[in-house]
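Spelled out from the first residue to the last, the chains are:
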Amino acid sequence: MTLRSYKGMLPELAASAWVDPSAQVIGSCQLAEDVSIWPCAVLRGDVSAIEVGARSNIQDGAVVHATHASERTRGSMTRVGCDVTVGHNVVLHGCILEDECLIGMGAIVLDNAVVQKHVLVGANSLVPAGKVLKSGYLYLGSPVKQMRPLTDEEKAFFKYSAAHYVKLKNEFATEDLAE
């Protein structure tokens, strides 16, 4: 795994967190228990902090960054809650993802947006800066629009997906030790 310091800030990983060797985790990043960071993902905590909650996964090619403070913006960290699945090639920038949500492949979530618990953001969707996605809905489009309420089965899938990635992470970690 590639962990890099930036201006004296070193990523902090819980003992059970796992980062693929091709991923980059830089600067002020905190990864909680059973977090998994997959191939070619980049978490760059240079201008503000990044926090990833327990059992969340950041999949292949995703980019997680934050917003720096300036005369034009107050700056904002990126916070990913617990049991969150962040799909392949997602961009998260200075936003908040609450617990138990899923961000579909290729989606972009911009500065100061808030994705509340039990939200599904569809693939290739754009969540504009400052937008709040209300709990319990599917959102699609560029920019996103609320499409319909989620079913109980869809809400339950968020926990299933997170648990599946914990299991997969553990298998990969065991393989890494065997090499």
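Up top is the structure these notes are about.
First things first, this report covers the structure right here in the doc. Computed from a predicted structure; not experimentally measured.

**With respect to the state of the cysteines**
Scanning the entire structure with this criterion turns up zero disulfides. Among the cysteines around C82, which has no disulfide bond, C101 carries the closest sulfur, lying 11 Å off. The structure places no disulfide on C101, whose sulfur is separated from the nearest cysteine sulfur, that of C95, by 9.5 Å. C101 gets classed as buried once you look at its relative accessible area, which sits at 1%.

**What to know about unusual backbone geometry**
Following S142, the chain continues into P143 via a peptide bond in cis, with omega recorded as 5°. For P143, the position within the fold is in the loop between β19 (137–141) and β20 (144–149). Residues other than glycine seldom take positive phi values, yet N89 does so here, at roughly 60°. Relative to the helices and strands, N89 is located in the loop between β10 (85–86) and β11 (91–93).

**Topic: the packing of aromatic side chains**
One pass over the structure, following the stated rule, counts six aromatic pairs. Plain terms: the ring middles of W18 and F172 are 5.6 Å apart, the flat faces sit at 50° to each other, and that makes the pair tilted. Residue W18 is located in strand β3 (residues 18–19), and its partner F172 is located in helix α1 (residues 152–178); the two are separated by 154 residues in the primary sequence. We classify F172 as partly exposed; its relative accessible area is 35%. Judged by centre distance (5.6 Å) and plane angle (35°), the rings of F157 and Y160 are tilted. Of this pair, F157 and Y160 both sit in helix α1, three residues apart, roughly one helical turn. Connected via pairs of aromatic rings, a cluster forms that spans W18, W38, Y165 and F172.

Parameters and conventions
- Residues numbered from 1 in each chain as written.
- Predicted model: local features only at pLDDT ≥ 70, side-chain atom pairs only at ≥ 80, totals over all residues.
- Heavy atoms only, no water.
- Disulfide = S-S within 2.5 Å.
- Buried < 20%, exposed > 50% of the residue type's maximum accessible area, 1.4 Å probe, protein only.
- Helix = DSSP H or I, 4+ residues; strand = E, 2+ residues; numbered from the N terminus.
- Phe/Tyr/Trp six-rings, centres within 6.5 Å; stacked < 30°, edge-to-face > 60°.

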